[in-house]
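# A look at the structure
One-letter residues, chain by chain:
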Number of protein chains: 2
Amino acid sequence: MKIGLMGLGTVGKGVVHVINQNGDSIEKRIGEKIEIKKILVKDAEKKRSPLVEGKLVLDPMEILNDDEIDVVVEVMGKEHPALEYIKKALENGKSVVTANKEVIARHGKELIKLANEKKVSLLYEASVGGGIPIIRPLKQCLAANKIYEVKGILNGTTNYILSEMKDRGMSFEGVLKEAQQKGYAELDPTDDIEGFDAARKLAILCTLSFNKYVVPDDIYTKGISSISKEDIKYAQELGYTIKLIAYGKIYENEKLEAWVHPVMISKESPLNGVNGVYNAILIEGNAVGRLMFYGQGAGMMPTASAVVADIIDVVNHIPGKNGYEDADIIPIQDTVSKYYIRLIALDKPGVMSKITGILGNEGISLVSVVQKEVHEDAAEIVLITHHANTGRIFKALDEIKNLHEIYKVASIIRVEED
Amino acid sequence: MKIGLMGLGTVGKGVVHVINQNGDSIEKRIGEKIEIKKILVKDAEKKRSPLVEGKLVLDPMEILNDDEIDVVVEVMGKEHPALEYIKKALENGKSVVTANKEVIARHGKELIKLANEKKVSLLYEASVGGGIPIIRPLKQCLAANKIYEVKGILNGTTNYILSEMKDRGMSFEGVLKEAQQKGYAELDPTDDIEGFDAARKLAILCTLSFNKYVVPDDIYTKGISSISKEDIKYAQELGYTIKLIAYGKIYENEKLEAWVHPVMISKESPLNGVNGVYNAILIEGNAVGRLMFYGQGAGMMPTASAVVADIIDVVNHIPGKNGYEDADIIPIQDTVSKYYIRLIALDKPGVMSKITGILGNEGISLVSVVQKEVHEDAAEIVLITHHANTGRIFKALDEIKNLHEIYKVASIIRVEED
Ligand SMILES: NC(=O)c1ccc[n+]([C@@H]2O[C@H](COP(=O)([O-])OP(=O)(O)OC[C@H]3O[C@@H](n4cnc5c(N)ncnc54)[C@H](OP(=O)(O)O)[C@@H]3O)[C@@H](O)[C@H]2O)c1
Ligand SMILES: NC(=O)c1ccc[n+]([C@@H]2O[C@H](COP(=O)([O-])OP(=O)(O)OC[C@H]3O[C@@H](n4cnc5c(N)ncnc54)[C@H](OP(=O)(O)O)[C@@H]3O)[C@@H](O)[C@H]2O)c1
């Protein structure tokens, strides 16, 4: 079994390592040797490991048109030209293994169709949850279920930042800077901190779980850059932890809810203990009940573990095919939740009654209210609502924002109880 | 795809339900209809669901010799005659799906060999962790790893009893009786409470994880019947929770450690939050790092979810073969751990120095000591040791037990920090 590796960055190096380190025991198990024949890189000058000597190529066609290569492993990242290379590989009758969530989330449908036509495999276990086995369990182990809910912590960078903010009382900006210095966060961290990375993974999970084709643009997405020290502190006082949650649900009428944004989760939630670079995915199925998968969502070796497992599946001829219907997504305004709202207001009598009046007009009632003086003439007001329609919450906040007693609507965060 | 179901108890009924309820969506996914053709039962008089009308048979040969039946699903339980029926089915060229941990743990090696010879599948996802996908992830998703540690809460009954003892301060006997009345525990609970059920599941997990053939008799096994209210209370005071843990590890020299017994685990362990009927399995692999799988370890529908997933794999021709070497198990005396020891002693000066003297002679030092008067002339002494050789702990306790100041060695429980 000869493979062509496209990309030799974090994950690519991991793949080389895993095959080098565990190759013998893999060969024993599957009865075939996995050999990396060629490796595509961009920069011919970079210093590389002796393990890859003589294998580097700069022209993708050397891999894509090599008849001896059965499997192309794409770990370059970015949408282009990875998409074009994957297509070409499939067209040439090669199976493809990829860790590229951007390509799979945006173009999965056409790529899967192409792979089915060409009777080859397209596998992408590493694209969601890094080393955590989740794609394959969804396809195989839970095949007897109707899955109706998926909930996860899918991004290690944001989870690390939120964990550090909580444990060390630091600001978002402070932790982010430190994480960048340590190499835990990218220099351009937008994809992670704004939730785009999690939304891509959620799109893939929803598609597989519900058998409905969901793309990242369908998903309401909000990151963690607006989470302040104050919110973290209030969350703790109220018995919650703030996590960036990716959520998908299919209703009886086949409509889908799908969003990524910060959520206050209760201390009892199995997601509460998921800290730092760990990811976790909760699945609810009609037969199996609740399941959780937990592990390292990124990193050289965990991600490579998933990529090499896919390669082994190709060797074992384990089919990867799938077909989906289109999804009917519920607008975020029509979803229902409890909310935490933090306002900065003039410290004057009567403000509270105006606020509760506006909320009341939208049919929104409150679980709890805390008011605190923050300085001379400003008060911080923290509200937790009962379950309410999100559109009405947004509408009420628009009105509240325009009250002349209100300096600003500082935060609005979903609250969940289990 | 026609199947023959052997057994129509808890799991068998679940299989009928799942196929009835989710059959259409399964057919859509796999492009084939799953039909239960015949069902073996023992008692012709029992009232059964209308779903099984006209399918019941009392003679196993009606299934085992029916050429139209491709897959035999064995959910009768017990070692015999299940083993004989499974063998016959394989010999007749039928694939077998089973939930029977006893048969797989004790006879897996010969059955797998037979299935390989006959080029049919033998699948047993439901035998460990009920609905939790664990067998298939171990075989496929983690195939690129050397797995070196497996740790789990594998028995729901004991986990439920320990959770209730902790939450409600009740005695072991009290909770067990209540659990039996509610149907959460069997009328003969020996297999569960003495750890035998967990040991069978651990044997299967170790075999798959380490590629070494482990049988239940290889596993040092101790249940929870000796755990007292006092131990639960002390554990909480010391910051631990008592769980029945199944543990397997492979060392560099290829020797195995494998045991099932109560352990005090720290509040930080991911296993700490696993309560009631939930099971969880932690896996450590050399590429993937730490993973956890969490879900319902038993019950009609979760277990059936796993059984039907196996049936679907047979339809999809996903191979189930495996080969193992024999295991070299380390005697429990040669393993190393911290220990919690509770003694009831005469409340007299000098007792403590005798005890620490004996421990010191065996090279065992202490992390902490608590002494409490329990009544007039008896004191309770609770010790936590540093890491020590288990054989030396046993030896020291033999000596301590014979001190005339000691009424009894009330408990000895392993202590783990992560
Ligand atoms: N890192 C993780 O923990 C992780 C986890 C899960 C999934 N993933 C996914 O895995 C993929 C790879 O991530 P990574 O972190 O390994 O990326 P990376 O470290 O940036 O490495 C990218 C590699 O691809 C090569 N490359 C990029 N564009 C190329 C082009 N146009 N032509 C030829 N070679 C090109 C680079 O070549 P040079 O070496 O010459 O620069 C480099 O070797 C991404 O899709 C990512 O989302 C990553
Ligand atoms: N229950 C769970 O949650 C669970 C979870 C994981 C694995 N498992 C495993 O699944 C298996 C089945 O468990 P279960 O709880 O479903 O057992 P169960 O409720 O006791 O049902 C056993 C069924 O098998 C039939 N049966 C037993 N011996 C037979 C014989 N000699 N000939 C014909 N029929 C026979 C019984 O027939 P009658 O109906 O006529 O009495 C009954 O329908 C066991 O191996 C168990 O370890 C169970």
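In this text the structure is predicted, and so the values were computed from the model without any measurement. Every chain begins its residue count from 1, and numbering advances along the sequence as written. A letter from A marks each chain and a number from 1 marks each ligand, given out in the order of writing. Two thresholds apply to this predicted model, a pLDDT of at least 70 for residue-level local features and 80 or more for giving and counting side-chain atom pairs, whereas whole-chain, interface and lining totals are computed over all residues. Based on all heavy atoms of the structure, the side-chain values leave hydrogens and waters out of the count.

### Things to note about the packing of aromatic side chains
We count it as follows: To pair, rings of Phe, Tyr and Trp, with the six-membered ring standing in for Trp, must have centres within 6.5 Å; the planes then decide the type, stacked if under 30 degrees apart, edge-to-face if over 60, and tilted in the middle. Put simply, DSSP H or I for four residues or longer makes a helix, DSSP E for two residues or longer makes a strand, and each gets a number counted from the N terminus. Each residue's exposure class comes from its accessible area (1.4 Å probe, protein chains only) as a fraction of the maximum for that residue type: buried when under 20%, exposed when over 50%, partly exposed otherwise. Charges are assigned to positions over rings by a cutoff of 6 Å between ring centre and Lys NZ or Arg CZ, combined with an angular limit of 35 degrees from the ring normal.
Applying the stated rule across the entire model yields seven aromatic pairs over all chains. Ring centres 5.0 Å apart and planes at 25 degrees place the aromatic pair Tyr-247 of chain A and Trp-259 of chain A in the stacked group. With Tyr-247 of chain A in strand S10 (residues 240-250) and Trp-259 of chain A in strand S11 (residues 255-266), the pair connects residues that are 12 residues apart, well separated along the chain. Each of the two residues, Tyr-247 of chain A as well as Trp-259 of chain A, counts as buried. We note Lys-249 of chain B situated over the ring of Tyr-251 of chain B; from NZ or CZ to the ring centre the distance is 5.4 Å.

### A closer look at the pairing of strand S18 (residues 378-385) of chain B
The side chains of a regular strand alternate, residue by residue, between the two faces of the sheet. Residue and element names in this part refer to chain B. Condition: Should DSSP find at least two bridges between two strands, the strands are taken to pair.
S18 sits mainly inside the fold: eight of its eight residues count as buried. On S18, burial covers both faces: Ala-378, Glu-380, Val-382 and Ile-384 on one face and Ala-379, Ile-381, Leu-383 and Thr-385 on the other are all buried. Strand direction decides the pairing type here: strand S16 (residues 336-346) and S18, joined by seven bridges, are antiparallel. Opposite Leu-346, over in S18, you have Ala-378 as the bridge partner. Sheet topology note: the strand S17 (residues 366-375)/S18 ladder contains eight bridges and is antiparallel. Bridge pairing links Val-369 to Leu-383 in S18. Where S17 hands over to S18, the hairpin turn is made up of two residues, counted between the paired strands.

### Things to note about the interface of chain A and chain B
Our working definition: It only takes one pair of heavy atoms within 4.5 Å for two residues to be counted as in contact. Once two parts are brought into contact, the accessible area they lose, counted with a 1.4 Å probe and summed over both, makes up the buried area. Should a side-chain nitrogen of Lys or Arg be within 4 Å of a carboxyl oxygen of Asp or Glu, the pair is scored as a salt bridge. N or O atoms closer than or at 3.5 Å make up a polar contact, with two conditions inside protein: a donor-capable atom paired with an acceptor-capable one, and, for residues adjacent in sequence, both atoms drawn from side chains.
Facing 47 residues of chain A, the contacting portion of chain B comprises 47 residues. A combined buried area of about 3,800 Å² lies between chain A and chain B, and 54% of that area is made up of carbon and sulfur atoms. At the junction of chain A and chain B, the tally comes to two salt bridges. Its salt-bridge partner being Lys-28 of chain B, residue Glu-325 of chain A comes within 3.3 Å of it at the nearest N-O pair. On inspection of chain A and its partner chain B, the count reaches 13 residue pairs in polar contact (both at pLDDT 80 or more). The set of elements that each furnish at least two residues to the side of chain A that touches chain B consists of helix H1 (10-30), helix H5 (135-141), helix H9 (196-210), strand S13 (289-296) and helix H11 (300-315) of chain A. A per-element tally of the side of chain A that touches chain B places S13 of chain A first, with eight residues.

### Topic: the side chain of Lys-243 of chain B
Residue and element names in this part refer to chain B. Keep this limit in mind: In this charge count, Lys and Arg are treated as positive and Asp and Glu as negative; neither His nor the chain ends contribute.
For Lys-243, the position within the fold is in strand S10 (residues 240-250). Among buried Asp, Glu, Lys and Arg side chains, Lys-243 stands out as unpaired, with Asp-167 the closest opposite charge at 8.4 Å. Not counting residues up to four positions away in its chain, the partners in contact with Lys-243 are Ile-153, Asn-159, Leu-162, Ser-163, His-261, Pro-262, Val-263, Ile-265, Leu-271, Asn-272, Val-274 and Asn-275.

### Thoughts on the UniProt feature "domain: ACT" (unreviewed entry) in chain A
As a reminder of what qualifies: UniProt positions are given in the numbering used here, feature names are shortened, and annotations may be inferred rather than shown by experiment.
Within this structure's numbering, the places UniProt gives as "domain: ACT" (unreviewed entry) are residues 340-414 of chain A. For residues 340-414 of chain A, the helix share is 31%, the strand share is 48%, and the end-to-end C-alpha distance is 6 Å.

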